[in-house]
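# Topology and contacts: notes
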Amino acid sequence: QVQLVESGGGSVQPGGSLRLSCAASGSIFSINTMAWYRQAPGKQRELVASITSGSGTNYAPSVKGRFTISRDNAKNTMYLQMNSLKPEDTAVYYCNVGGRKTAGSPFPSFYWGQGAQVTVSS
């Protein structure tokens, strides 16, 4: 069973920084895309940032220039460095990993972390 363990959430004041980590473990053949999503109360889950195995990245316009996504393929771990945090960044952040369970799997499977609460308030 594949598990994603998130860490690094917490509470900060506006303008502060946090770094989220997501470590993947268990039975998986390969990991392709890693991504961070977030969901605020009463709102739909939205894509924050994603990174491919080739380190190509994409960011939501609301976080571009403030957040940085990265990955360590050897450790099957990804990170989200969040700087200049704003109150509107308050949400539960979820990591998501897409990959093949085995070499023969025709389609990828997707896994979710347990979520990390990020609260930005004064």
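In case you missed it, the structure is sitting above this.
The sections below set out a description of the structure shown in this document. Once a new chain begins, its residue numbering starts again from 1 and follows that chain's sequence as written. Whole-chain, interface and lining totals are the exception, using all residues; otherwise, since this is a predicted model, local features are given only for residues with pLDDT of at least 70 and side-chain atom pairs are given and counted only at 80 or more. No hydrogens and no water enter the side-chain calculation; it runs on all heavy atoms of the structure.

Okay, the nonpolar core next. Buried residues of nine kinds, namely Ala, Val, Leu, Ile, Met, Phe, Trp, Tyr and Cys, make up a nonpolar core once their side-chain atoms join them within 4.5 Å. For every residue, the accessible area (1.4 Å probe, protein chains only) is compared with the maximum for its type, and the residue is labelled buried under 20%, exposed over 50%, or partly exposed between those bounds. Counting residues in each nonpolar core, the largest one holds 30 residues, and the members touching the most others are L20, W36, V48, F67, L80, M82 and Y93. Taken together, the elements giving at least two residues each to this core come down to β3 (18-25), β4 (30-39), β5 (46-51), β7 (67-72), β8 (77-82), β9 (91-100) and β11 (116-120). Working rule for contacts: check all heavy atoms of both residues, and any pair within 4.5 Å makes them a contact. Non-local contacts of L20, meaning those with residues more than four positions away in its chain, are made with S7, G8, G9, W36, M78, Y79, L80, M82, Y93, A116 and V118. Numbering of helices and strands starts at the N terminus; helices are DSSP runs of H or I of at least 4 residues and strands are runs of E of at least 2.

This brings us to the pairing of β11. The alternating pattern of β11 places A116, V118 and V120 on a buried face and Q117 and T119 on a face that is not buried. Note on pairing: two strands pair once DSSP finds at least 2 bridges between them. With three bridges joining them, strand β2 (residues 10-12) and β11 adopt parallel strand pairing. Across the sheet, S11 pairs through a bridge with T119, a residue of β11. Bridging between β9 and β11 involves three bridges; their strand directions are antiparallel. Along β11, the bridge assignment pairs A91 with V118.

Looking at where N96 falls in the secondary structure, it is placed in strand β9. Judged by relative accessible area, which is 7%, N96 ranks as buried. Residue contacts for N96: discarding those within four places in its chain leaves L4, T33, M34, A35, Y37, M78, F110, Y111 and W112.

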